[in-house]
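As a plain string of letters, each chain reads:
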Amino acid sequence: MPPSTVERPTTQSSRGWQWMMPNVAVGAFILAMIALVWLLQKRDVDQQTAALARDAEWTEQSLRVNMQGDEDFLRGLAHEAADGHIDGARFRARSAQYLATNPHLSGIAWVDANESIRDAQPPEAGGRSTAGPLAHREQIQGFIAARNSGRPMYSDAYVSKNTGPTFELFAPIGRGPDFLGAMVATYPVSGLVRHLVPEWFSEKYHLSFTGADNQMLAENSPTRARDEVLHYGLNIVPPGNGIRMNVAAYRVDTGIAKILPILLIVGLSLLVVWSLWSLRSNLARRIRAEDALRAESNFRKAMEESMPTGMRAIDMHGRITYVNAAFCNMVGYTQEELIGAVAPFPYWGPEGAAEQGQALQRSLAGEAPRLPRGGIESIFRRKNGERFDVRVYEAPLVDASGRQAGWMASIHDITEQRRARAELEASHQRFMTVLDGLDAAIYVADLEADEILFANKAFKNIYGYDAVGRNCWQVTSACHPDPARFIAAARKLAPHQTPLELHDTELQNGLNGHWYQVRERAIQWVDGGVVRMEIATDITDRMNMEEVNSQQLERLQQTSRLITMGEMASSLAHELNQPLAAIANYNMGCVNRLQANDYRPEELLAAMQKASAQAERAGKIIRRVRAFVKKSEPNRSAVKIAEVIEEVIGFAETDARKAGVRIGVSVPPDLPAAYADKIMIEQVVLNLVKNGIEAMHDTRRSERELAISARANGEDFIEVNVADRGPGVPAGQSERLFAPFYTTKPEGMGMGLNICRSIVEFHHGRLWTVANPGGGSVFSFTLPLNPR
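Residues numbered from 1 in each chain as written. Predicted model: local features only at pLDDT ≥ 70, side-chain atom pairs only at ≥ 80, totals over all residues. Heavy atoms only, no water.

**Topic: the overall build of the chain**
Link 1 in the chain: Per the secondary structure count, the chain includes 20 helices and 28 strands.
Link 2 in the chain: Contacts spanning at least 24 positions in sequence make up 57% of the contacts within the chain whose residues lie at least 6 apart.
Link 3 in the chain: Here the chain has roughly 42500 Å² of accessible surface; of this, 55% comes from carbon and sulfur atoms. (Helix = DSSP H or I, 4+ residues; strand = E, 2+ residues; numbered from the N terminus. Contact = heavy atoms within 4.5 Å. Areas by Shrake-Rupley, 256 points an atom, 1.4 Å probe, with all protein chains shown as cover.)

**A few points about the nonpolar core**
Link 1 in the chain: Ranked by size, the top nonpolar core spans 46 residues in total, and within it Leu-74, Met-183, Tyr-187, Phe-209 and Met-245 carry the most contacts.
Link 2 in the chain: The biggest single contributor to this core is helix H1 (residues 3-83), with 11 residues.
Link 3 in the chain: In this structure, Val-644, Ile-645, Leu-686 and Val-760 belong to the second largest nonpolar core, which totals 38 residues. (Core = buried A, V, L, I, M, F, W, Y, C linked by side-chain atoms within 4.5 Å. Buried < 20%, exposed > 50% of the residue type's maximum accessible area, 1.4 Å probe, protein only.)

**Some words on the packing of aromatic side chains**
Link 1 in the chain: For the coordinates displayed, the defined rule picks out 16 aromatic pairs.
Link 2 in the chain: Their ring planes at 5 degrees and their centres at 5.0 Å tell us that Phe-167 and Tyr-187 sit as a pair that is stacked. Residue Phe-167 is found in strand E6 (residues 164-175), and its partner Tyr-187 is found in strand E7 (residues 178-188); the two are separated by 20 residues along the sequence.
Link 3 in the chain: Assessed through its relative accessible area of 1%, Phe-167 is described here as buried.
Link 4 in the chain: Overall, the relative accessible area of 0% leaves Tyr-187 in the buried class.
Link 5 in the chain: One aromatic cluster is present, formed by Phe-327, Phe-345, Tyr-347, Trp-348, Phe-380 and Phe-388 through successive ring pairs. (Phe/Tyr/Trp six-rings, centres within 6.5 Å; stacked < 30°, edge-to-face > 60°.)

**Structural notes on the sheet that holds strand E14 (residues 376-381)**
Link 1 in the chain: If you trace the 5 strands from one edge of the open sheet to the other, you get E13-E12-E16-E15-E14, paired in antiparallel fashion. Of all the strands in the sheet, just strand E13 (320-323) and E14 have a single pairing partner and so form its edges. Across the sheet, the axes of successive neighbouring strands diverge by a mean angle of 35 degrees, strand direction being ignored.
Link 2 in the chain: Sheet topology places strand E15 (residues 387-398) next to strand E16 (residues 404-413); 9 bridges connect them, and they run antiparallel. Residue Val-390 lies in a different strand from E16, and its bridge partner there is Asp-413.
Link 3 in the chain: In the packing of helix H11 (residues 415-436) onto the sheet, contacts are made with E14, E15 and E16, and the angle to E15 comes to roughly 130 degrees. (Pairing = 2+ DSSP bridges. Axes fitted to C-alpha atoms, helices over the stretch in contact; angles between N-to-C directions.)

**Describing unusual backbone geometry**
Link 1 in the chain: Following Gln-121, the chain continues to Pro-122 via a peptide bond in cis, the omega torsion being 0 degrees.
Link 2 in the chain: Structurally, the position occupied by Pro-122 is in the loop between strand E2 (116-121) and strand E3 (132-133).
Link 3 in the chain: Even without a glycine there, the phi angle at His-764 is positive, about 65 degrees.
Link 4 in the chain: Structurally, His-764 is set in the loop between helix H20 (752-762) and strand E27 (767-771).
Link 5 in the chain: Among the residues examined, His-764 registers a relative accessible area of 41% and is labelled partly exposed.

**As for the side chain of Thr-309**
Link 1 in the chain: Here Thr-309 is to be found in the loop between helix H7 (272-306) and strand E12 (310-315).
Link 2 in the chain: Owing to a relative accessible area of 12%, Thr-309 belongs among the buried residues under this scheme.
Link 3 in the chain: Among residues more than four places away in sequence, those in contact with Thr-309 are Asn-324, Ala-326, Ser-410, Ile-411 and His-412.

**A look at the confidence of the model for the chain**
Link 1 in the chain: Across the chain, the average pLDDT comes to 78, with 79% of residues at or above 70.
Link 2 in the chain: The secondary structure element of the chain with the lowest average pLDDT is helix H15 (residues 540-567), at 61, and the one with the highest is strand E26 (residues 717-723), at 93.
Link 3 in the chain: A low-confidence stretch, residues 1-12 stays under pLDDT 50, and its non-local contacts, those more than four residues away or across chains, total 1 contact. (pLDDT = per-residue confidence, 0-100.)

**Let's talk about the pairing of strand E19 (residues 500-508)**
Link 1 in the chain: Note: E19 against strand E20 (residues 515-524), 8 bridges, orientation antiparallel. Along E20, the bridge assignment pairs His-503 with Glu-520.
Link 2 in the chain: Between E19 and E20, which follow one another and run antiparallel, lie 6 residues, and Gly-513 among them has a positive phi close to 75 degrees.

**Notes on the sheet that holds E27**
Link 1 in the chain: Spatial ordering of the open sheet is given by E23-E25-E26-E28-E27, a layout of 5 strands whose pairing is mixed. Unpaired on one side and paired on the other, strand E23 (662-666) and E27 mark the two borders of the sheet. Ignoring strand direction, the axes of neighbouring strands in this sheet form an average angle of 20 degrees.
Link 2 in the chain: Inspection of the sheet shows E23 paired to strand E25 (residues 705-713) by 5 bridges, in the parallel sense. Paired with Ile-663 across the two strands is Leu-706, which belongs to E25.
Link 3 in the chain: Along the sheet, helix H18 (residues 641-659) contacts E23, E25, E26 and strand E28 (777-784); its crossing angle with E23, the most-contacted strand, is approximately 175 degrees.
Link 4 in the chain: Most of the contacts of helix H19 (residues 678-695) go to E28, to which it runs at about 175 degrees, and overall it touches E25, E26 and E28.

**Side note on the side chain of Ser-378**
Link 1 in the chain: Among the structural elements, Ser-378 can be located in strand E14.
Link 2 in the chain: We classify Ser-378 as buried; its relative accessible area is 16%.
Link 3 in the chain: Ignoring sequence-local partners within four residues, the contact set of Ser-378 consists of Gln-356, Phe-388, Asp-389 and Val-390.

**Remarks on the pattern of salt bridges**
Link 1 in the chain: In total, this model carries 28 salt bridges according to the counting rule given.
Link 2 in the chain: Arg-391 is the partner of Glu-377 in a salt bridge, and the nearest nitrogen-oxygen pair spans 2.7 Å. Of this pair, Glu-377 sits in strand E14 while Arg-391 sits in strand E15, placing them 14 residues apart in sequence.
Link 3 in the chain: Judged by its relative accessible area of 13%, Arg-391 is buried.
Link 4 in the chain: Glu-386 is the partner of Arg-382 in a salt bridge, and the nearest nitrogen-oxygen pair spans 3.2 Å.
Link 5 in the chain: A network of salt bridges, in which partner residues are shared, links Glu-377, Asp-389, Arg-391 and Arg-418. (Salt bridge = Lys/Arg side-chain N within 4 Å of Asp/Glu carboxyl O.)

Encoded structure:
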């Protein structure tokens, strides 16, 4: 065969092969590109599906945290209601405050044990009225479930005329074995979408909630197109009532991306460079998406690491797969020491390892009890051997396919919380021991509702052990002050104006006949509000003693007056002798004139009128003495001090003339009357006047002056002063003068001034002495103007 003949077919075959090679290369490249595009799209779908699942689980966990907070709040209200520490007004105030910060709830209601709504906030919350039975079958079923289980329960969803599809949380109220009702929170399903789902989530995903029979309860943006591939669903925990959360990605306008494979197939056959450029652009977009996903992942990790709550994940074999920094700091172990560890874990103490191991096995087997609130309390051990108390919350860890891959636990260190609670309980016990050990009866009542919030043992012994929670005025009807005198002003007080004394009085209890000193005070209560505290101290023994002392003082005063009259008998006899002698002389003169028949009628009339005046004078002296020494009960009334001084001068002027003492009186004419017993005050003034006259025995006759004056002392008292010019009171003996049986006179008994002070103090006044600037002493006392 010639060489040229052999080479031609080889050349044609080679050329055909060369022509085929670009086609084959383009076809292979196109196939490679199609495969690459398909793989990239599948990878993108997988990543978006995983991100959707993580976002859905994060949102579900956020819903669970908010519902857990609602459960805690309702349980707190239920505890206060069970203890009787909350009424309608306080319930509405607390509920309104909580609703203001938690708009996903449409209302909170208080339902009694008979399934009737006792109170609600707002009044028409969830289609209820403030009184009446539960309206829906699902409400009644949820109420019964909470009552039977003794723990918060969620109702099935029902349709409310006001809020649409709705379900409710029932927190039971119980005191011991007694069921008292439930606190109810109303969840409009639409409220969960509007208020508990983040805005970025709603913009990114279509979210819907379906019921037990797959009926639509609520959704966001129902008109936007959804991706048929990217969707994820999971049940809402803790409600556990068949409500399911469904998440789907919105359909993104990817027209270019959809026709991109076709364009690649056609374009790559025509222009490989363009296809390479398109591939490069697509890869750049993928890189940016991965960077965004990595940034989001880093953000989530930073958020987890910044939390003080410890996070720990285990797989279905009980092996630790994840711990955050907070958990490592809590137990003192590093991540390398914890990740991969199996039970018994290094942070378990040997004393509780067996029990904790059994609890872990039950959790892995799906037999652990699902607690809606409170978690599980346990004791962990740090690496240094120190024990600390924790509360563990566990939730299933679900992978992107919806299959449980393990358990995620959040761990809270509650050591300080327990210690503080124990100290608070011990302090409360000490406080109650002190209060119950007091003899005084003490209770605290709400100023608005007048409900007794607290009462000590002494109060309960008098009014009954069921007093707390009842109306204070009804309970203490046998012994309480008139509330109209202070309650209106007390209700206007602000917390910063407390404590404040409201009232102080002495009352007799109609139940046991005892006397009590009742003091009312406004104080700030533990909840920050203003309440009223009443302290009733039994003063029966003191009152009885005062009564005995009063009787003894009365007898002593009577004796003192008789002694005073005895001392003044000669002076009174001389005083009476003058009018009696005048009467005898006038009568004798009239008789002589009549016998001599030498008279004129007008002369006899003048003589008889003078005799009558002298008789009136003598009668006045006798009446004054009789009134002074007459035994009578104290009779306080309005008394003019000028009249008292005039009566006293009538008694003492004879002795004063004998002693050469000039008596001066200075009383303003407009001086108001004192509120006193006239005879008792006359005794005080007479005693001071007699002492002043006797004190000037050795004073030069020209200087013997006794000054009696009276003046106003403030707005509520008048002051009476008796000043002499005697030797004065020795230094340091001013107070001793008023002591019983102390006297500076050789013949004195030492009781006069003591009786005077007792009389003045009986009138709520004061008796004292000071030196007279002109020499001698000034004895002063005060008397009230009004009853005290």
